[in-house]
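So the chains spell out like this:
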Amino acid sequence: MVLRIARTLLLSGFAVIILVPLLLVVFTSMKSNVQFYADPLGLPPALQAGNFRELFTGQPIWTYFGNSILVTGSAVLLELVLGAMIAYGIIRSGRRVSRGMYALFVAGMAIPTQVNMLPIYSLVRRLGLVDSRVGLVAVTIALLMPLSVFMLAGFMRSLPKEILEAGAIDGAGEWRLLTRIAVPLSAPYLASTAAFLFVIVWNDLLFPMLLLNGKTKLTLPLAMLRFRGEYVANYTMLMTGVAVTALPMILIYIFLQRYFIAGAMAGSLKG
């Protein structure tokens, strides 16, 4: 009984910590600048959509949306394809090779991405991919590959080996085992990994800021910086942009919630 009450209180406190900033963003997006500076934490006097209207009519927000969707969708899709192939290769290799390859990718997670900023920029510049969404996608895939392999290899190790062995006895090659058995059985885990990757790539600001210069190629998080000047920040429009940027993540979580929870539970049970 005591543990149940403590758990309820803990979860309620966590929910409050999550909801308060979200509500603050929504309330601020419905205020004018005068109302915000008069009462930053208060409720809006009335529900108004003026900031949203100005965001979609006065700014090329659809261009930024398209850039974010293109970069995020391409990076996540290619990440899943390559990560699944590498993870499958790891679990199907010999024990020594498997452990060595897996340790190599895990070691890659220990290196902060900020450390690699200058070498990455120098390499991308030599390849002529600065201010290119292709370059940004390639860099994103490379940086997130250790995380993807770490998650997918852990998930694929929980697959029944008997099924793969039975397919191999029937004459199926490794590519067929991967595409016809391993990937379909790993669908919840792939969806769970996709949800994690989507949030990371969609919210990324560091490398778009480093690699993108043209105004027509900005992603949504990078475009939000345009509402913050050197001395003055348009907080109401900034929070409106944050609310619009967060909406796709909320929808993705709603639609992938079942797979997200299934993948998380599988990973926890395996651990």
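Preceding this paragraph is the structure being described.
Presented here is an overview of the structure given in this document. (Residues numbered from 1 in each chain as written. Predicted model: local features only at pLDDT ≥ 70, side-chain atom pairs only at ≥ 80, totals over all residues. Heavy atoms only, no water.)

1. Quick notes on the overall build of the protein
Within the protein one finds 13 helices and 0 strands. Beginning at the N terminus, the succession of helices and strands in the protein can be written as α-α-α-α-α-α-α-α-α-α-α-α-α. Taken over the C-alpha atoms alone, the protein extends approximately 70 × 65 × 30 Å along its principal axes. Within the span of the protein, comprising 271 residues, buried residues form 35% of the whole. Of the roughly 16,300 Å² of accessible surface on the protein, 70% is carried by carbon and sulfur atoms. Side chains of the protein give 21 positive and 10 negative charges; the mean places of these two sets differ by 3 Å. (Helix = DSSP H or I, 4+ residues; strand = E, 2+ residues; numbered from the N terminus. Buried < 20%, exposed > 50% of the residue type's maximum accessible area, 1.4 Å probe, protein only. Areas by Shrake-Rupley, 256 points an atom, 1.4 Å probe, with all protein chains shown as cover. Lys, Arg positive; Asp, Glu negative; His and termini not counted. Charge placed at Lys NZ, Arg CZ, Asp CG, Glu CD.)

2. Focus: the nonpolar core
Of all hydrophobic cores here, the largest spans 55 residues; its most connected members are Ile61, Tyr88, Leu220 and Met224. A per-element tally of this core places helix α7 (residues 133-156) first, with 12 residues. Those residues in contact with leucine 220 that lie beyond four places of it in its chain are Ile61, Tyr64, Phe65, Ser68, Trp202 and Thr245. (Core = buried A, V, L, I, M, F, W, Y, C linked by side-chain atoms within 4.5 Å. Contact = heavy atoms within 4.5 Å.)

3. A short note on the packing of helix α8 (residues 161-169) against helix α9 (residues 174-185)
How two helices sit against one another is set out by the angle between their axes and by the gap between those axes. Contact geometry for α8 and α9: axes closest at 11 Å, N-to-C directions at 165°. Looking at the two axes, α8 sits roughly antiparallel to α9. Considering only the axes of α8 and α9, their crossing is right-handed. Here Ile163, Leu164, Gly167 and Ala168 of α8 lie close against α9, whose contacting residues are Leu177, Ile181 and Leu185. Split into classes, the residues belonging to the contact of α8 with α9 amount to 6 nonpolar, 1 polar and no charged. (Axes fitted to C-alpha atoms, helices over the stretch in contact; angles between N-to-C directions. Parallel < 35°, antiparallel > 145°, perpendicular 65-115°, else oblique. Left-handed = near helix turned anticlockwise from the far one by under 90°. Nonpolar A, V, L, I, M, F, W, Y, C, P; charged D, E, K, R; others polar.)

4. Overview of the environment of leucine 123
Tracing the sequence through the fold places leucine 123 in helix α6 (residues 117-126). Looking at leucine 123, the relative accessible area reads 52%, which means it is exposed. C-alpha of leucine 123 to C-alpha of arginine 157: the two residues are 34 residues apart in sequence and 35 Å apart in space.

5. Considerations on the environment of proline 45
Among the structural elements, proline 45 can be located in the loop between α2 (33-38) and α3 (50-58). In this structure proline 45 comes out as exposed when scored by relative accessible area, which is 63%. Each C-alpha atom of the pair proline 45 and threonine 240 lies 17 Å from the other, and the pair is 195 residues apart in sequence.

6. Description of the environment of valine 76
With respect to the element layout, valine 76 can be found in helix α4 (residues 61-92). The buried category is assigned to valine 76, whose relative accessible area is 10%. For valine 76 and glycine 108, which are 32 residues apart along the polypeptide, the C-alpha to C-alpha distance reads 18 Å. Every residue in contact with valine 76, bar those within four places of it in the chain, is listed here: Ala194, Leu197, Phe198 and Val201.

7. Looking at the packing of aromatic side chains
Summed over all chains, the structure comprises 8 aromatic pairs. Ring centres of phenylalanine 155 and tyrosine 189 lie 4.8 Å apart, and the angle between their planes is 25°; on these two criteria the pair is classed as stacked. Residue phenylalanine 155 is found in helix α7, and its partner tyrosine 189 is found in helix α10 (residues 187-203); the two are separated by 34 residues along the sequence. Exposure remark for phenylalanine 155: the relative accessible area of 9% places this residue in the buried category. These aromatic residues form a ring-pair network of at least three members: Phe56, Trp62, Phe65, Phe198 and Trp202. (Phe/Tyr/Trp six-rings, centres within 6.5 Å; stacked < 30°, edge-to-face > 60°.)

8. A few points about the side chain of threonine 219
Position of threonine 219 among the secondary structure elements: in the loop between α11 (206-211) and α12 (220-223). Every residue in contact with threonine 219, bar those within four places of it in the chain, is listed here: Tyr64, Asn67, Ser68, Val71, Leu136, Pro208 and Leu212.

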